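The lines below spell out each chain.
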Amino acid sequence: MNLTPKEIYHGIRQLRTLAEEERRSWEYTSLSPTERIDYWRRGFLSHAAVLYDFDRYDSRDYLTDYERFVKTQGINGRFGYALDNKLMLYGVLSRFSDRLPELHGIITDGTFRSISSEGDRGPTRPAIEWVEDLDAGETVVMKWVIGGGGHNVLLCTRTDEGYRLDGEPVSRADLRERLADLEDYVVTDFTRQAEYAESIYPEATNTVRAVTMWDTERDEPFLARAIHRIGTDETKPMDNWSQGGLSALVDEQGRIGEAVIYPFDGELTWRETHPDTGARIEGVEIPGWGRVLEGLLEVADSVPYLPYAGWDLVVTNEGEFEIIEANNYPGVKSLQVHGPLCVDERVERFYREHDVR
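Definitions and cut-offs
Residues numbered from 1 in each chain as written. Predicted model: local features only at pLDDT ≥ 70, side-chain atom pairs only at ≥ 80, totals over all residues. Heavy atoms only, no water. Helix = DSSP H or I, 4+ residues; strand = E, 2+ residues; numbered from the N terminus. Buried < 20%, exposed > 50% of the residue type's maximum accessible area, 1.4 Å probe, protein only. Salt bridge = Lys/Arg side-chain N within 4 Å of Asp/Glu carboxyl O. Pairing = 2+ DSSP bridges. Axes fitted to C-alpha atoms, helices over the stretch in contact; angles between N-to-C directions. Contact = heavy atoms within 4.5 Å.

S.K.: Run through the environment of Ser116, naming residues and quoting values.
M.R.: You can see Ser116 is positioned in the loop between β2 (111–114) and β3 (124–126). For Ser116, a relative accessible area of 18% corresponds to the buried category. Separated by 72 residues in the primary sequence, Ser116 and Thr188 have C-alpha atoms spaced 9.5 Å apart.

S.K.: Quick one: what's the story with the pattern of salt bridges, residue by residue and with numbers?
M.R.: Throughout the structure, instances matching the rule amount to 19 salt bridges. In this structure, Lys143 engages Glu325 in a salt bridge whose closest nitrogen and oxygen atoms are separated by 3.6 Å. Linking Lys143 in strand β4 (residues 139–144) with Glu325 in strand β15 (residues 320–327), this pair joins segments that are 182 residues apart in sequence. Neither Lys143 nor Glu325 differs from the other in exposure class; each is buried. A salt bridge links Arg349 to Glu217, with the nearest nitrogen and oxygen atoms 3.7 Å apart. You can see Arg349 sitting in helix α12 (residues 345–353) and its partner Glu217 sitting in the loop between β9 (208–215) and β10 (220–230), a full 132 residues away along the chain. Residue classification places Arg349 among the partly exposed positions, given a relative accessible area of 24%. Look at Glu217 and you get exposed, because its relative accessible area is 62%. Via salt bridges that share partners, Glu67, Glu348, Arg352 and Arg357 belong to a single interconnected network.

S.K.: Quick one: what's the story with the sheet that holds β15, residue by residue and with numbers?
M.R.: Judged by pairing direction, the sheet is antiparallel, and its seven strands sit side by side in the order β13-β12-β11-β10-β9-β14-β15 without closing on themselves. The open sheet has two free edges, formed respectively by β13 (269–271) and β15, since each of these has just one partner strand. Within the sheet, the average angular offset between the axes of one strand and its neighbour, ignoring direction, is 30°. Running at roughly 125° to β10, helix α10 (residues 289–301) makes contact with β9, β10, β11 (246–250), β14 (308–317) and β15 of the sheet.

These results come straight from atomic positions and should not be treated as a statement about function.
See the structure below:
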């Protein structure tokens, strides 16, 4: 097989990412050198020993770490950038503007440039002045245009008393300095979650991660797996699983299953209730899940050139949702901790068709 210099470069980058991930997982796994080598030989990093149930499932039914980090990145080809770029996503999904938070503009070096998904443009001015004109109580989201995992995301709120950044009071001078450090940050409305999610944990936006794939036999997208991520006091105002949040499987009827905490101490901890609020998690139903899924598949069907996507949704009301982010090659740890993806024949076929397996 002849690889282009670009393909070789990206392959080396992904191998480095794989090595860095192994370094992090080293901290909470206690495997012997022989055991680690056995996992590596099968394509897994050491964390798989904690995350995955190899006693219950055949290891071949899991998407391996090597397959995820090195091989899934190329599934969408040159079009994948459209999912990774938060501003470009508004153009790609222009038909579904009601499924996206309202776009306000971009902040670079303390300057706010007003834009909208409809193509309208307002004045360019210092970002602090734009924030000052927000209504009291209004919250906006500032995200780095490239990147995921909840990193480089800020919540900015205009209050009667002044300002809050990620829920903490901040002076005008400090906010102005913080805005001056931002480069290529997209500014959108803050999406308000539905009551069921608010009642579980109100201090974070609790999102659904839904992965869609393209079924070539039926020529349509399908839902490979959905999980509900739930924030905690460790992650607020975000819900990142790998930073201390919760991951719970969503079944076909939209029921949320038992939630699991990331195994920082080397063991998986499963919970029926929230560790901070005590609210029930297992058995809670996402209102209007059937319509949510129908709406998501309609979005996925509009972009057949993007056969693989991880969508981050906020359910806002019964059957209603907004897409707050999309991912070109979504992570699978928080998905497969609930069981291997490739036990589903459609998923296995999809990965084989794209030379991942």
